[in-house]
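In case you want the letters, here they are:
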Amino acid sequence: MSASPRIAAVDTTAPGFPGRRFEIPASAPLRLDSGVELGPVTVAYQSYGTLNADKSNAVLVCHALTGDQFVADHHPVTGKPGWWETIIGPGKLLDTERYFVICANVLGGCMGSTGPKDTNPSTGKPWGLEFPVITIGDMVKAQARLIDHLGIEKLFCVIGGSMGGMQVLEWVSAYPERVFAAVPVATSYRHSAQNIAFHEVGRQAIMADPDWHGGAYQLAGVTPHRGLAVARMAAHITYLSETALHRKFGRRLQNRAQLSYGFDADFQVESYLRHQGSTFVDRFDANSYLYITRAMDYFDLQAEHGGSLAEAFTGTKTRFCVVSFTSDWLFPTSESRALVHALNAAAANVSFVEIVSDKGHDAFLLDEPEFHSVLGGFLNGAAEHRGLKFG
Amino acid sequence: MTDPRVLPVAAQARPRATIRVDLKAIAEMIEPGTRVLDIGCGDGALLDYLAHEKRVDARGIEISQAGVNACVAQGLSVVQGDADTDLKDYPTGGFDYAILSQTLQATSDPKAVVGELVRIARRAIVSFPNFGVWHVRLKLLLGGRMPVTDTLSAAWYETPNIHLCTIDDFVDLCGTLGVSIEKAMVLDSQGRPRSLAAPGRLANLLGEQGLFVLRRRG
């Protein structure tokens, strides 16, 4: 891990930072679940393809905890391909020659949408911990305002994995008339105790870093990069599986023939995790990490509906495709199954597939042919029912 | 990486004009435009036929993940699930028809399953191999071994069919459950309906399969 101090990772307000912006004005602020009114709010988003004449071909992609709006083009900071470029693009599964694909950075994020690193208009200083605690519901409210702004009454599909899947479920529950098809992938209707526990480890790592300064690190001209890197390292383990880790690294040593009898990264897996941690801090804000993990922890669609998850979907006309992966222990199949049972109880039109994969939670981002074949079939079937015609 | 546009054959929309004869017999009982749940839908042949030929809102439950994935990949609404455990989730009267084709004998509690079928749907359509058909009786009587036939093709030690019954047994079960038999017919070894008035002693002797339309009494 690099010991050199890093100043604020990315200036998303700089001229030339790519992407589109939509502003929710202070005159019509977002009413957050906490009761706070927040405005103005910037929603940074990317779009791909063209909205058709009757505005029926829009697909909203919701990103995961550390994802962002650069779903299908090169990332402006890392230079890497978009995080879901395997399935989104011209001629791909989510064919941007057919669909108008939108992906927005979540509220509280750090890639251009309003978050804790931005300036608090009432103080002129960075929000830091004065930023209001946000929820998955608040993220979706901000997205809905963007969709209003784009003039789209009903989305053809809302799709996302992990925290993105939570947003999908929130969309269907909060705006049942506005989602024709929903694809929650590798996700849950509520964050489990184990998941909250892992998040707490990450948050404590950040807050234990002296450079965190009670959240006011921007004013101090430093970043809690060591804490954030440790948070990322711990979280990254939960995205993989034991099988995948062992296949990739085993007990192989890193650039050495024998053990060092010290605490260098002897093992490849240590070196890999350190790399994951140190590259993450270049593109992510520590306070955003606190806020977004909190939003996930607070998510409980069942509790929000009086303890009956089926109530969240009463009368739904949305077509669902629920997907889980066998080796995902962060959002295990049992959570998806409970969701499917609730959807069945609501007489929803639901498909549910569990994909065999040993790649853990991250499988949803990877090349999983069976997942892609199922997703393609579902989208084609839904498009047929929606009456979408592609020339 | 594989080209995501090239979907497996199963993923390409191809309405099936022809289906197995016994499934056709079931399809003919279904009113167009209704809501149907096919339990044990296999590769989705009947669902696909109903969706395309009868504009039915067709849903399925299938126990094998490979079957489910193949169904969803062709655009059908199917969940992985088990007739024994998952029917209880469905709301009462949520469907016009619940179909259980060639699956009852493989469930662990057929009595509860039949009860659930008539709860969740206005009508239940149930078909099953008839263990009372003459050649099965003959095989057991003369051979002294568990019969292996076209419809019951697995050996005793590997068969999924753990609750085999005869047409008469099934009629008795319906009586015990207070379920009305709205229609009953038998199918021959090719799955073609035979013009026998079932239930009856002759049906139990000659029918290869029983096919029943049930509804909850009252």
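Anything mentioned here points back to the structure above.
To keep things clear, this report deals only with the structure shown in the data block. Quantities reported herein were computed from a predicted structural model and do not represent experimental measurements.

What counts as what
Residues numbered from 1 in each chain as written. Chains lettered and ligands numbered in written order. Predicted model: local features only at pLDDT ≥ 70, side-chain atom pairs only at ≥ 80, totals over all residues. Heavy atoms only, no water. Helix = DSSP H or I, 4+ residues; strand = E, 2+ residues; numbered from the N terminus. Rg over C-alpha atoms; globule rule 2.2 N^0.38 Å. Buried < 20%, exposed > 50% of the residue type's maximum accessible area, 1.4 Å probe, protein only. Contact = heavy atoms within 4.5 Å. Areas by Shrake-Rupley, 256 points an atom, 1.4 Å probe, with all protein chains shown as cover. Lys, Arg positive; Asp, Glu negative; His and termini not counted. Charge placed at Lys NZ, Arg CZ, Asp CG, Glu CD. 1 Å grid on protein atoms, 1.4 Å probe; cavity = no way out; pocket = protein on both sides within 12 Å on 5 of 7 lines; lining within 4 Å. Points joined across faces, edges and corners; volume = space filled by probe spheres on them. Nonpolar A, V, L, I, M, F, W, Y, C, P; charged D, E, K, R; others polar. Salt bridge = Lys/Arg side-chain N within 4 Å of Asp/Glu carboxyl O. Phe/Tyr/Trp six-rings, centres within 6.5 Å; stacked < 30°, edge-to-face > 60°. Lys NZ or Arg CZ within 6 Å of the ring centre and 35° of its normal. Core = buried A, V, L, I, M, F, W, Y, C linked by side-chain atoms within 4.5 Å. Domains from an automatic or database assignment. Polar contact = N/O pair within 3.5 Å; in protein donor to acceptor, adjacent residues only side chain to side chain. Buried area = accessible area lost by both parts, 1.4 Å probe.

## Describing the overall build of chain A
Item 1. When its secondary structure is counted, chain A shows 10 helices and 12 strands.
Item 2. Computed over the C-alpha atoms, the radius of gyration of chain A is 21 Å, within 12% of the 21 Å expected from 2.2 N^0.38 for a compact globule of 391 residues.
Item 3. In terms of overall dimensions, chain A has a C-alpha envelope of 65 × 50 × 45 Å along the principal axes.
Item 4. Counting across all 391 residues of chain A, residues that qualify as buried make up 58%.
Item 5. Long-range pairs, those at least 24 residues apart, make up 71% of the contacts in chain A between residues at least 6 apart in sequence.
Item 6. Accessible area of chain A: about 15100 Å², with a carbon and sulfur share of 53%.
Item 7. A gap of 2 Å separates the mean positions of the 32 positive and 39 negative side-chain charges of chain A.

## With respect to empty space enclosed by the protein
Item 1. Summed over the entire model, instances satisfying the criterion amount to 4 cavities of 30 Å³ or more.
Item 2. Taken as a whole, the second largest cavity holds about 60 Å³ of empty space.
Item 3. Lining the second largest cavity we find Asn344, Ala348 and Val350 of chain A together with Leu37, Arg59, Gly60, Ser77, Val79, Tyr90 and Phe95 of chain B.
Item 4. For the lining of the second largest cavity, the secondary structure elements donating two or more residues are β2 (57-62) and β3 (77-80) of chain B.
Item 5. Grouping the amino acids of the lining of the second largest cavity by side-chain chemistry returns 6 nonpolar, 3 polar and 1 charged.

## Describing the environment of Ser27 of chain A
Item 1. With respect to the helices and strands, the residue Ser27 of chain A is situated in the loop between β1 (20-24) and β2 (30-31).
Item 2. In the structure, Ser27 of chain A is positioned 13 residues away from Pro40 of chain A in sequence and 7.8 Å away in space, judged by C-alpha atoms.

## Side note on unusual backbone geometry
All names here are of chain A.
Item 1. Here Gly39 and Pro40 are connected by a cis peptide whose omega angle stands at 5°.
Item 2. Mapped onto the elements of the fold, Pro40 is located in the loop between β3 (37-38) and β4 (41-48).
Item 3. Here the phi dihedral of Ser162 falls at roughly 60°; this positive angle occurs in a residue that is not glycine.

## So, the pattern of salt bridges
Pairing between side chains becomes possible if they bear opposite charge and their charged atoms approach one another.
Residues and elements named next belong to chain A.
Item 1. If you walk through the whole model with that rule in mind, you get 22 salt bridges over all chains.
Item 2. Across the salt bridge formed by Glu37 and Arg31, the nearest N and O atoms sit 1.9 Å from each other.
Item 3. Residues Arg294 and Asp297 are paired through a salt bridge, measuring 3.2 Å at the closest nitrogen-oxygen approach. Placement of both Arg294 and Asp297 in helix α8 (residues 286-298) is noted, with a separation of 3 residues, approximately one turn of the helix.
Item 4. Accessibility expressed as a relative area gives 8% for Asp297, which makes it buried.
Item 5. Here the residues in one salt-bridge network are Glu200, Arg203, Arg294 and Asp297, joined through shared partners.

## Re the packing of aromatic side chains
Residue and element names in this part refer to chain A.
Item 1. Inspection of every chain in the model, using the stated rule, returns 21 aromatic pairs over all chains.
Item 2. Geometrically, the ring pair formed by Phe198 and Trp329 is edge-to-face, given 5.8 Å between the ring centres and 70° between the ring planes. Residue Phe198 is located in helix α3 (residues 193-208), and its partner Trp329 is located in the loop between β11 (319-325) and α9 (333-345); the two are separated by 131 residues in the primary sequence.
Item 3. Here Phe198 falls in the partly exposed class, since its relative accessible area comes to 32%.
Item 4. By relative accessible area, Trp329 is classed as partly exposed at 32%.
Item 5. In textbook terms, an aromatic cluster arises when at least three aromatic residues are bridged by ring pairs, as seen for Tyr99, Phe156, Phe180 and Phe390.
Item 6. Its end group placed over the ring of Phe280, Arg232 keeps NZ or CZ at 4.5 Å from the ring centre.

## So, the nonpolar core
Item 1. In this structure, Ile102 and Phe313 of chain A together with Phe170 and Leu214 of chain B are the most contacted members of the largest nonpolar core, which totals 109 residues.
Item 2. Shared between two domains, this core holds at least three residues of each, these being domain 1 (20-191 + 300-386) and domain 2 (195-293) of chain A.
Item 3. If we skip the residues at most four places from it in the chain, Leu214 of chain B touches Val114, Val118, Arg122, Arg123, Ala124, Val126, Phe170, Cys174, Val179, Ser180, Ile181 and Glu182 of chain B.
Item 4. Core analysis: the next-biggest nonpolar cluster, separate from the first, contains 67 residues, Val61 and Leu375 of chain A together with Met29 and Cys41 of chain B among them.

## Re the side chain of Glu354 of chain A
Residues and elements named next belong to chain A.
Item 1. Relative to the assigned elements, Glu354 resides in strand β12 (residues 349-355).
Item 2. One buried charged residue, Glu354, forms no salt bridge at all, with the nearest opposite charge on Arg337 at 4.7 Å.
Item 3. Of the polar contacts made by the side chain of Glu354, one reaches the side chain of Thr333; its length is 2.5 Å.

## Points about the interface of chain B and chain A
Item 1. Counting residues at the interface gives 26 residues for chain B, matched by 31 residues for chain A.
Item 2. For the pair chain B and chain A, the summed buried area comes to about 2300 Å², and 50% of that belongs to carbon and sulfur atoms.
Item 3. Inspection of the region where chain B meets chain A yields 0 salt bridges.
Item 4. Linking chain B to chain A there are 11 residue pairs in polar contact (both at pLDDT 80 or more).
Item 5. Contributing elements (two or more residues each) for the side of chain B that touches chain A: β2, α3 (65-73) and β3 of chain B.
Item 6. With 5 residues, α3 of chain B is the single largest residue contributor to the side of chain B that touches chain A.
Item 7. Along the lines of polarity and charge, the residues of the side of chain B that touches chain A split into 13 nonpolar, 7 polar and 6 charged.

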